[in-house]
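Single-letter residue listing:
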Amino acid sequence: MKKRGTRLSWLMAVGLVLVLFVAGCSGGGGGNNGGGDAAKTPTGNEGNAGTNQAESAEPQLYELGKEPLDFTFYGNYDWYTMPKWGADETTAWVKDNKKVNITEIPNGGNTVQKLNTMIASGDLPDVIWGERGADVERLREAGLLVPLDDYIDKYPNLKQWLDPKAMNMLRSSDGKLYQFPNWYTNRPNGNAGWVVNKKIYAELGSPKLETTEDLYAYLKQVKEKYPDVVPMETDLASEGHGLDQIYSAFKEDNLSFTRYFAVPSGDTMTSIYKDEAYRESVVYAAKLFREKLITQDAMTQTRDQVQEKLMNGKVAVYASSNPTLYAMQAHAALSQKDPDAGYFMVWPIHKEGLDKNKIYPGTYNMLGWNAAVITTSAKNPEAIFAFLDWWTGPEGMRLQMWGVEGEFWQGLEADGVTPKFTENYTKNKEKLADYQAKMDPVMWVGNTVYVDDIKGKFEATLPENERNWSTYWQYEITWKTQGDATEFINLNPLPDTEEGITFQSAKDIWQKARAQALYAKSDEEALAILDKAHDDTMSIGFQKLLDYYSKRWHENLEIIQGN
């Protein structure tokens with residue numbers, strides 16, 4: 001959610017199913033009150049991980065709240081800053097009631113250098129949160145990570161909510177599990193897509209807005225009649241937001257493999273620069289940019305600037321991998337002042353002649369977004385795991401999504417996991433959206449299925465105008481239009497291997513070419529930039545990396561198929 005600000009994106013991404021799924025959840029037991037509440041009242045607990053389990057027939061569990069638990073946390077993203085733990089009502093509740101205190105190790109805006117320094121010095125934080133794959137494997141190979149296998153069966157939540165196939169895909173080459181996933185799932189979810197300014201659209205006569213031709217014509221109308229409005233906002237185009245959604249419009253079953261600079265062709269991976277759909281999308285985007293139909297600071301703007309434009313209603317069309325995060329807040333603020341204002345979503349834009357039901361502006365996978373790992377620096381890794389397991393369970397997710405009991409929910413239903421929502425859930429939608437956005441940076445181990453089911457069950461009882469904006473559009477459009485990319489995860493090689501070094505060089509070429517192509521003064525120039533990027537990439541040994549991708553892809557398929 002990828003990604004990425006943290007992704008309420010992944011959470012607001014998560015979603016809506018009309019039948020409560022607790023009983024049938026993959027990877028776990030029955031429909032009792034299992035989940036987080038079991039973690040807060042364990043039996044046979046006399047302390048932490050060091051207890052001799054042979055003394056009891058029951059495993060000795062770490063009990064949150066019995067003693068102080070302090071640990072350090074590092075977010076391995078340049079953009080990430082953790083809010084001060086205990087400064088808000090929810091984390092203050094956790095600090096007071098569970099005696100958990102978490103201290104951030106700042107990344108300084110340069111995670112590559114910071115992580116390298118920490119590894120070299122051996123001075124690691126207790127928890128590192130970031131992308132799955134290369135960095136995790138580098139830490140594992142250095143013997144700096146704690147395997148989680150011994151804890152999985154002892155604590156109730158992760159083993160209940162994580163699909164066994166997803167757990168197997170998370171395992172490292174030594175067969176052990178080191179990663180605690182975030183926003184893992186076993187069903188479609190995600191928020192990627194196209195958001196449209198409601199008032200501007202109505203004032204322009206609510207024209208057809210389905211194809212790339214429709215979009216171009218509409219953006220030209222906006223530019224002509226609303227000179228102070230950004231016709232199309234791309235969010236952070238430097239990270240692919242907006243541009244990846246344009247690419248998705250030009251190809252059926254396109255899972256947007258821009259993160260690998262490669263696309264599947266038959267049973268092998270090939271250079272993205274030669275993919276006809278990608279070439280069309282680059283020419284199209286460059287044309288929009290030349291004609292000032294796309295935000296002109298797409299490669300340099302910040303997320304705060306994007307949010308400000310949306311909040312002021314100064315965006316006509318907004319495409320991103322997670323547009324619901326800001327659009328939800330902006331819709332609530334604008335519609336409160338003017339019922340005719342706000343934003344809505346449209347079915348993904350597609351090239352004329354393509355099947356609109358095979359267009360995927362975003363993807364999902366069973367493993368979700370990223371993962372947390374516990375390092376060998378942790379004094380009590382089991383205690384940290386116990387917290388993460390509780391944080392991903394029903395009680396922890398309730399706190400993250402709907403706050404401390406009293407304002408948005410009061411008490412639980414008979415199943416022991418479903419909150420009884422108060423009228424504030426619908427009456428104070430703007431406040432709830434703001435709360436969830438502020439909690440997003442601490443949603444490290446999000447439980448997609450739990451959140452989706454709880455939201456879905458309640459939202460289905462509400463009239464359309466009272467539903468949460470994000471949840472409504474997830475149900476109507478985004479969950480129906482995200483592609484399953486599970487088989488293509490974890491393809492990246494370790495950074496210190498020949499393939500890993502090639503990947504980094506290819507990434508540098510990619511980033512430069514993507515920016516240059518957007519600024520191209522003609523279609524021919526845009527295509528020439530792609531051709532040069534292809535030649536430059538292949539000259540550094542990219543074919544060997546493509547072969548590596550293909551091998552990893554087929555290994556994933558074997559795991560998924562149970563081989």
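Because the structure is predicted, anything quoted here is derived from the model rather than measured.

Side note on the packing of helix α12 (residues 276–290) against helix α22 (residues 523–539)
Remark: α12 packs on α22, axes separated minimally by 9 Å, with the N-to-C direction vectors making an angle of 135°. In this view, α12 runs oblique relative to α22, as classed from their interaxial angle. Viewed along their axes, α12 and α22 form a crossing whose handedness is right-handed. When α12 is examined against α22, the residues Y278, R279, V282, V283 and R290 are found in contact with a partner set consisting of D523, A526, L527, L530 and D531. When grouped by side-chain class, the residues that make up the contact of α12 with α22 number six nonpolar, no polar and four charged.

Things to note about the pattern of salt bridges
For the coordinates displayed, the defined rule picks out 25 salt bridges. Note that D174 and R140 form a salt bridge whose closest N and O atoms lie 3.5 Å from each other. Of this pair, D174 sits in the loop between α8 (164–170) and β4 (179–181) while R140 sits in helix α5 (residues 134–141); the two residues are 34 residues apart in sequence, bridging distant segments of the chain. Residue R140 is classed as buried on the basis of its relative accessible area, which comes to 14%. E280 serves as the salt-bridge partner of K351, at 2.8 Å between the closest nitrogen and oxygen. Taken together, the positions of K351 in the loop between β10 (343–346) and β11 (362–364) and E280 in helix α12 put the pair 71 residues apart, joining distant regions of the chain.

Some remarks on the sheet that holds strand β9 (residues 315–320)
Strand order in the open sheet made by the four strands is β6-β9-β5-β10, with mixed pairing throughout. Taken across any chain shown, the strands that pair with only one partner, and hence form the sheet edges, are β6 (230–233) and β10. Across the sheet, the mean angle separating the axes of adjacent strands is 20° when strand polarity is ignored. The sheet contact formed by β6 and β9 spans three bridges and is parallel.

Quick notes on the pairing of strand β7 (residues 262–265)
Examined bridge by bridge, β7 and strand β8 (residues 268–271) share four bridges and lie antiparallel to one another. Of the residues in β8, the one forming a bridge with V263 is T270. Counting the residues between successive antiparallel strands, the hairpin from β7 to β8 contains two residues, one of them, G266, with a positive phi of roughly 70°.

Section: helix α13 (residues 303–311)
Of all the positions in α13, only R303, V306, K309 and L310 are classed as buried. Buried residues of α13, viewed axially, fall in a sector of 125°; they line one side. Turned more than 90 degrees away from the buried face of α13, the exposed residues are D304 and E308. On its buried face, α13 is in contact with β6, β9, α14 (324–337) and β10. Downstream of α13 by one or two residues, G313 has phi in the positive range, about 70°.

Observations regarding the sheet that holds strand β3 (residues 127–130)
Spatial ordering of the open sheet is given by β2-β1-β3-β12-β4, a layout of five strands whose pairing is mixed. The strands lining the two open edges of the sheet, one partner per strand, are β2 (100–104) and β4. Looking at each pair of strands side by side, their axes are set apart by 30° on average, direction ignored. As defined by bridge partners, strand β1 (residues 69–75) adjoins β3 across three bridges and the pair is classed as parallel. Considered in β3, the bridge of G75 is made with W129.

Some remarks on the confidence of the model for the protein chain
Averaged over all residues, the pLDDT of the protein chain is 88; the fraction at 70 or higher stands at 89%. In this model, residues 1–56 is a region of pLDDT below 50 whose contacts with residues beyond four sequence positions or in other chains number 202 contacts.

Here we look at the packing of α13 against α14
It is at 8 Å that the axes of α13 and α14 come closest, and there the two elements cross at 30°. Pair α13 / α14 crosses with right-handed handedness. Along its contact with α13, which presents R303, V306, Q307, L310 and M311, the element α14 presents Y326, Q329, A330, A333 and L334. Considering only residue class, the contact of α13 with α14 consists of seven nonpolar, two polar and one charged.

Quick notes on unusual backbone geometry
Located in the positive-phi region is F261, a residue other than glycine, with phi close to 55°. When you line up the elements, F261 lands in the loop between α11 (243–248) and β7. Backbone geometry at K292 places phi at a positive 60°, although glycine is not the residue there. By the element assignment, K292 lies in the loop between α12 and α13.

A closer look at the environment of M269
One can find M269 in strand β8. In this structure, the C-alpha to C-alpha distance between M269 and L545, residues 276 residues apart in sequence, is 9.3 Å. Every residue in contact with M269, bar those within four places of it in the chain, is listed here: A262, V263, P264, F488, L491, L546, Y549, S550 and W553.

Overview of α22
Helix length check: α22, at 17 residues, gives a terminal C-alpha distance of 25 Å against a target of 24 Å (1.5 Å per residue), a fit within 8%. Considered for burial, the residues of α22 that qualify are A526, I529, L530, A533, H534 and T537. The buried residues of α22 occupy an angular sector of 135° when projected down its axis, which confines them to one face. Exposed positions of α22 whose direction lies more than 90 degrees from the buried face are E524, K532 and S539. In this structure, the buried side of α22 is in contact with β8, α12, α21 (498–518) and α23 (542–560). In the segment just after α22, G541 is the residue with positive phi, at about 90°.

With respect to the packing of aromatic side chains
Taken as a whole and judged by the stated rule, the model has 38 aromatic pairs. Judged by centre distance (5.1 Å) and plane angle (75°), the ring pair of W402 and F421 falls under edge-to-face. One end of the pair, W402, is in helix α16 (residues 394–402); the other, F421, is in strand β14 (residues 419–421), and 19 residues separate them in sequence. One exposure class covers both W402 and F421, and it is buried. Grouping aromatic residues by their ring pairs yields a cluster made of F71, F73, Y77, W79, Y80, W85, W129, W369, F387, W390, W391 and W444. In this arrangement the basic side chain of R398 is found over the ring face of W409, its NZ or CZ atom lying 5.4 Å from the centre.

What counts, and at which threshold
Sequence order as written defines the numbering, with residues in each chain counted from 1. Thresholds applied to this predicted model are a pLDDT of at least 70 for local features of residues and 80 or more for the giving and counting of side-chain atom pairs; totals over whole chains, interfaces and linings are not thresholded and use all residues. The basis for every side-chain value is the complete set of non-hydrogen atoms in the structure, without hydrogens or water. To obtain each axis, a line is fitted to C-alpha atoms, and for helices this fit is confined to the stretch in contact; angles are then taken between N-to-C directions over 0 to 180 degrees. Think of it this way: any DSSP run of H or I at least four residues long counts as a helix, any run of E at least two long counts as a strand, and we number them from the N terminus. Angle categories are assigned with fixed cut-offs, so that under 35 degrees is roughly parallel, over 145 is roughly antiparallel, 65 to 115 is roughly perpendicular, and the rest are oblique. Each helix crossing is assigned a hand: it is left-handed if the near helix lies turned anticlockwise from the far helix by less than a right angle, otherwise right-handed if that turn is clockwise. Here, two residues are considered to be in contact whenever any of their heavy atoms come within 4.5 Å of each other. Gly falls in the polar group here, along with every residue not listed as nonpolar (Ala, Val, Leu, Ile, Met, Phe, Trp, Tyr, Cys, Pro) or charged (Asp, Glu, Lys, Arg). Take a side-chain nitrogen of Lys or Arg and a carboxyl oxygen of Asp or Glu: if they are within 4 Å of each other, that pair is a salt bridge. Burial status follows relative accessibility: with a 1.4 Å probe on protein chains alone, a residue under 20% of its type maximum counts as buried, one over 50% as exposed, and anything between as partly exposed. Think of it this way: DSSP has to see at least two bridges between two strands before they count as a pair. As used here, the arc is the angular range of directions from the helix axis to the C-beta atoms. pLDDT expresses how confident the predictor is about each individual residue, on a scale running from 0 to 100. Helices are assigned an expected span. That span is 1.5 Å times one less than the residue count. Planes of paired rings set the category: under 30 degrees apart is stacked, over 60 is edge-to-face and the rest tilted, where pairs are Phe, Tyr or Trp rings (Trp by its six-membered ring) whose centres lie within 6.5 Å. Sitting over a ring, as applied to charges here, requires NZ of Lys or CZ of Arg to be within 6 Å of the ring centre and within 35 degrees of the ring normal.

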